[in-house]
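Overview (structure and organization)
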Amino acid sequence: MRRYETVFIAADQTPDDQVREIAERSRAVVERTGGKPIRTDFWGRRTLSYEIQKSRRGNYVLLVYAGGGESVAELERTLQINESIIRFHTIKVEDQVNPEAIGPEESKPAPADIFAESAERGDRDRDRDRDRDRDRDRDRDRDRDRDRAPREEEEGEEESEESADEGKGE
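Below you will find a few notes about this structure. Fair warning: this is a prediction, and the values are worked out from it, not measured in the lab.

1. Points about the overall build of the protein
- Each helix and strand in the protein was counted, giving three helices and four strands.
- Along the protein, helices (α) and strands (β) appear in the sequence β-α-β-β-α-β-α when read from the amino end.
- In the protein, once contacts between residues fewer than 6 apart in sequence are set aside, the share between residues at least 24 apart is 76%.
- Of the roughly 11200 Å² of accessible surface on the protein, 45% is carried by carbon and sulfur atoms.

2. Quick word on the pairing of strand S2 (residues 36–52)
- Two strands pair when backbone bridges link them, and S2 and strand S3 (residues 55–67) are joined in this way by eleven bridges, in the antiparallel orientation. Paired with Thr-47 across the two strands is Arg-57, which belongs to S3.
- Linking S2 back to S3 in an antiparallel pair, the connection comprises two residues, with Gln-53 at a positive phi of about 50 degrees.

3. A look at the nonpolar core
- Core analysis: the largest hydrophobic core is formed by 16 residues, its most contacted members being Phe-8, Val-61, Tyr-65, Leu-75, Leu-79 and Ile-85.
- Those elements that provide at least two residues to this core are strand S1 (2–11), helix H1 (16–32), S3 and helix H2 (69–81).
- For this core, the element with the highest residue contribution is H1, accounting for five residues.
- Apart from residues no more than four positions distant in its own chain, Leu-79 is found in contact with Thr-6, Phe-8, Ile-22, Ser-26, Ile-85 and Phe-88.

4. What to know about H2
- The end-to-end C-alpha distance of H2 is 18 Å, a good match for the 18 Å that 13 residues give at a rise of 1.5 Å each.
- For H2, the complete set of buried residues consists of Ser-71, Val-72, Leu-75 and Leu-79. Viewed end-on, H2 has its buried residues packed into an arc of 95 degrees, placing them on one side of the element. Facing away from the buried side of H2, by more than 90 degrees, are the exposed residues Gln-80 and Ile-81.
- In this structure, the buried residues of H2 make contact with S1, H1, S3 and strand S4 (85–94).

The rules behind the values
- Residues numbered from 1 in each chain as written.
- Predicted model: local features only at pLDDT ≥ 70, side-chain atom pairs only at ≥ 80, totals over all residues.
- Heavy atoms only, no water.
- Helix = DSSP H or I, 4+ residues; strand = E, 2+ residues; numbered from the N terminus.
- Contact = heavy atoms within 4.5 Å.
- Areas by Shrake-Rupley, 256 points an atom, 1.4 Å probe, with all protein chains shown as cover.
- Pairing = 2+ DSSP bridges.
- Core = buried A, V, L, I, M, F, W, Y, C linked by side-chain atoms within 4.5 Å.
- Buried < 20%, exposed > 50% of the residue type's maximum accessible area, 1.4 Å probe, protein only.
- Expected span 1.5 Å × (residues − 1).
- Arc of directions from axis to C-beta.

What follows is the structure in structure tokens.
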């Protein structure tokens, strides 16, 4: 038996109850395929590094378990089918794990306030992103206007030089 960690990200629009249900179904899949779930951690809503399937935020869940290759394959197949899951990743932590040495489940249930805290953070992140975008647009417009001004002056100087040259030739 090997020890694995699977992190999956549910879309931001997915209700918290459904995220918990997906985590429970994932644990059941591991048990059904002969594995042993060790821990489930709900990390809450977080901002993604980049947009995935038109989502800028996601609900993160970590599932730690011991099992064989069939447990990993079935869990990943189940996550891939679920439309609420926008990304998942599994890594092998240990090669050989003694199933009897694994203690009782160290699962941390998702406290109700973790989702409230992440919602507050989401509002703060959204405001920060809005302000950053506004500042970026303002700077871009300022730079564009600054770049245009010298060109217009240069064109005016060229025209005055040409008229001065024409005046000398007469």
